[in-house]
Amino acid sequence: DLFSKSLFLAASYTDSSDDEASPRDKTQINSKGSSDFCVKNIKQAEFGRREIEIAEQDMLALIALRKRAQGEKPLAGAKIVGCTHITAQTAVLIETLVALGAQCRWTACNIYSTQNEVASALSEAGVAVFAWKGESEDDFWWCIDRCVNMEDWQPNMILDDGGDLTHWVYKKYTNVFKKIRGIVEESVTGVHRLYQLSKAGKLCVPAMNVNDSVTKQKFDNLYCCRESILDGLKRTTDVMFGGKQVVICGYGEVGKGCCAALKALGAIVYITEIDPICALQACMDGFRVVKLNEVIRQVDVVITCTGNKNVVIREHLDRMKNGCIVCNMGHSNTEIDVTSLRTPELTWERVRSQVDHVIWPDGKRVVLLAEGRLLNLSCSTVPTFVLSITATTQALALIELYNAPEGRYKQDVYLLPKKMDEYVASLHLPSFDAHLTELSDEQAKYLGLNKNGPFKPNYYR
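Nothing here was measured: the structure is a model prediction, and the numbers come from that model.

Chemist: When you look at the overall build of the chain in this model, what are you seeing that I'm missing?
Modeler: Secondary structure summary: the chain contains 18 helices and 15 strands in total. Viewed in the frame of its principal axes, the chain has a C-alpha envelope of about 65 × 65 × 50 Å. Buried residues in the chain amount to 54% of all 461 residues. Only carbon and sulfur atoms are counted for the fraction: they give 52% of the accessible area of the chain, which is about 21000 Å².

Chemist: How should I be thinking about the UniProt feature "binding site: substrate" (unreviewed entry) in the chain in this particular structure?
Modeler: Look at the UniProt record and you will see "binding site: substrate" (unreviewed entry) annotated at Thr87, Asp161, Glu186, Lys216 and Asp220. With respect to the helices and strands, the residue threonine 87 is situated in the loop between strand S1 (79–84) and helix H4 (88–99). Residue classification places threonine 87 among the buried residues on the basis of a relative accessible area of 7%. For threonine 87, the contacting residues outside a window of four places in its chain are Ser113, Gln115, Val118 and Leu377. Within polar-contact distance, the side chain of threonine 87 engages the side chain of glutamine 89 at 3.1 Å. Looking at where lysine 216 falls in the secondary structure, it is placed in helix H10 (residues 214–237). Residue classification places lysine 216 among the buried positions, given a relative accessible area of 5%.

Chemist: Teacher, can you tell me more about helix H17 (residues 418–428) here?
Modeler: Side chains that are three or four residues apart share a direction in an α-helix, a result of its 3.6 residues per turn. Those residues of H17 lying buried are Lys418, Met420, Asp421, Glu422, Val424, Leu427 and His428. Looking at the packing, one finds that the buried side of H17 touches helix H3 (60–69), H10 and helix H16 (384–403).

Chemist: Any chance you could explain the pattern of salt bridges here in plain terms?
Modeler: Two side chains with opposite charge may pair up if their charged atoms get near one another. One pass over the full model with this rule turns up 20 salt bridges. The partner of aspartate 356 in a salt bridge is arginine 350, with the nearest N and O atoms 3.0 Å apart. We classify arginine 350 as partly exposed; its relative accessible area is 41%.

Chemist: Please clarify how the pairing of strand S10 (residues 301–304) should be interpreted in this entry.
Modeler: For a regular strand, side-chain orientation follows a simple rule: the groups alternate between the two sheet faces. Alternating residues of S10 divide into Val301 and Ile303 and Val302 and Thr304, and every residue in both groups is buried. With four bridges joining them, S10 and strand S11 (residues 324–328) adopt parallel strand pairing. In the sheet register, threonine 304 faces S11, and the bridge partner there is asparagine 328.

Chemist: I'm lost on the sheet that holds strand S15 (residues 413–415) in this one. Help?
Modeler: Sheet strands pair by backbone hydrogen bonding; their relative direction is either parallel or antiparallel. The seven strands lie next to each other as S3-S2-S1-S4-S5-S6-S15, forming an open sheet whose pairing is parallel. Each edge of the open sheet carries a strand with a single partner, namely strand S3 (128–130) and S15. The mean inter-strand angle of the sheet, taken between neighbouring strand axes irrespective of direction, is 20°. Here strand S6 (residues 207–209) pairs with S15 via three bridges, running parallel. Bridge assignment links asparagine 209 to a residue of S15, and that residue is leucine 415. On top of the sheet, helix H7 (residues 164–172) reaches S1, strand S4 (157–160) and strand S5 (182–185); it is set at about 140° to S4, its chief contact.

Chemist: Quick question: what am I supposed to make of the packing of aromatic side chains here?
Modeler: Within a pair of aromatic rings, the relevant descriptors are the distance that separates the centres and the angle that separates the planes. Using the criterion set out here, one finds eight aromatic pairs in the structure. Here the aromatic rings of phenylalanine 140 and tryptophan 141 are separated by 5.0 Å at their centres, their planes lie at 80°, and the arrangement is edge-to-face. By way of ring pairs, the aromatic residues Phe130, Trp132 and Trp142 are connected into one cluster. It is arginine 342 that lies over the ring of tryptophan 348; its NZ or CZ is 4.1 Å from the centre. The lysine or arginine in question, lysine 364, covers the ring of tryptophan 360, its NZ or CZ lying 4.2 Å from the ring centre.

Chemist: What is the right way to look at the side chain of asparagine 376 in this model?
Modeler: Among the secondary structure elements, asparagine 376 is positioned in helix H15 (residues 375–379). Only 2.9 Å separates the side chain of asparagine 376 from the side chain of serine 228, close enough to count as a polar contact. With residues near it in sequence (within four places) discarded, asparagine 376 still touches Cys225, Ser228, Met329, Thr381 and Val382.

Thresholds, definitions, all that
Residues numbered from 1 in each chain as written. Predicted model: local features only at pLDDT ≥ 70, side-chain atom pairs only at ≥ 80, totals over all residues. Heavy atoms only, no water. Helix = DSSP H or I, 4+ residues; strand = E, 2+ residues; numbered from the N terminus. Buried < 20%, exposed > 50% of the residue type's maximum accessible area, 1.4 Å probe, protein only. Areas by Shrake-Rupley, 256 points an atom, 1.4 Å probe, with all protein chains shown as cover. UniProt positions renumbered as here; feature names shortened; annotations may be inferred. Contact = heavy atoms within 4.5 Å. Polar contact = N/O pair within 3.5 Å; in protein donor to acceptor, adjacent residues only side chain to side chain. Salt bridge = Lys/Arg side-chain N within 4 Å of Asp/Glu carboxyl O. Pairing = 2+ DSSP bridges. Axes fitted to C-alpha atoms, helices over the stretch in contact; angles between N-to-C directions. Phe/Tyr/Trp six-rings, centres within 6.5 Å; stacked < 30°, edge-to-face > 60°. Lys NZ or Arg CZ within 6 Å of the ring centre and 35° of its normal.

What follows is the structure, given as structure tokens:
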């Protein structure tokens, strides 16, 4: 019937979205008569609005920020171009930025993670969104270009996740890049690219590294991945974890979260690490630290989360056992060398959305998830509360950079001030009915602290 058909269409994270014409080939108009967007189907806006309303219930810090700052409009005059995952949760962030006075144009940092109905709801509300689930590589760069290249509209702030938008503006629109007042970047990969630019003396704008803020590291990378790794694996493979042998490449915050979840379900977990400190932490947490070559023939699941490239290469894939599941939890799709699998002797079979069987001539199958892209955002969802913490951090970083007096931030990469990190955390405490203890004057003096914080030095992680 029509109702169930419309419901099916709305649930973009379950449909394959592969079989229709590209949104680039059709002109759509929202109810206000604007066509300055490109999404899968603008008619899904109502469903998307409901998704956003559900997300708002668990993102109370952003709603509080809207109420506190709505009068003074700290982002009035800000023209923000953004490249993030487009989900109900990021929509709450985008609409908060708009409520604080900003104009926004938005695109997706991942070709699989866009919730089509949410992109439609944002476009209906007047945000220029260029994104849909299942974009091609060409679509991806086209969408970024459409966000930046707009007559009579020039961005003065960038919010990026992965560094692709920053890279595009830096390479193609040099004059625009020079006039940007600040960049906010939230991923390991993007931050690494910013530091490279800075080192080469080519970063001509201040940038805020929110990835390394304590709130982002601990909550998005550790606690979020601890929950979403299982969600992504279960939805795609229905695998039972008890007794399975799993190798996790990288024991940073993401790796720690993945390990904790899999260990709790009874999996046997191995770690690979390049950093002796992280390796020692893994040992103390009860994990075997190995080289990938030592366990590749016996493991049932391989998970990458290093932020590096070519962590799992064709040589490893050739030696895996039949039915081995391979997936990536790092931001970029460079960790697993998927290109090396696109050769004539291997057969690819799409088993279900985001699940491919790669079949060797002898019949061996390797189960590849999301073509090596980010598992939890390609194949499942992420806890809203955790994203609220990251989104609040991003909003405050944008406000800080946009309103900073001349000279406070030079052409370099900065960490979020500790005071702001603590403010983000404090905005989330009411959700738990948590009551903070206050220092007495005597205690504050003894510790050499201000009673209102910051309570830790900037280098504290």
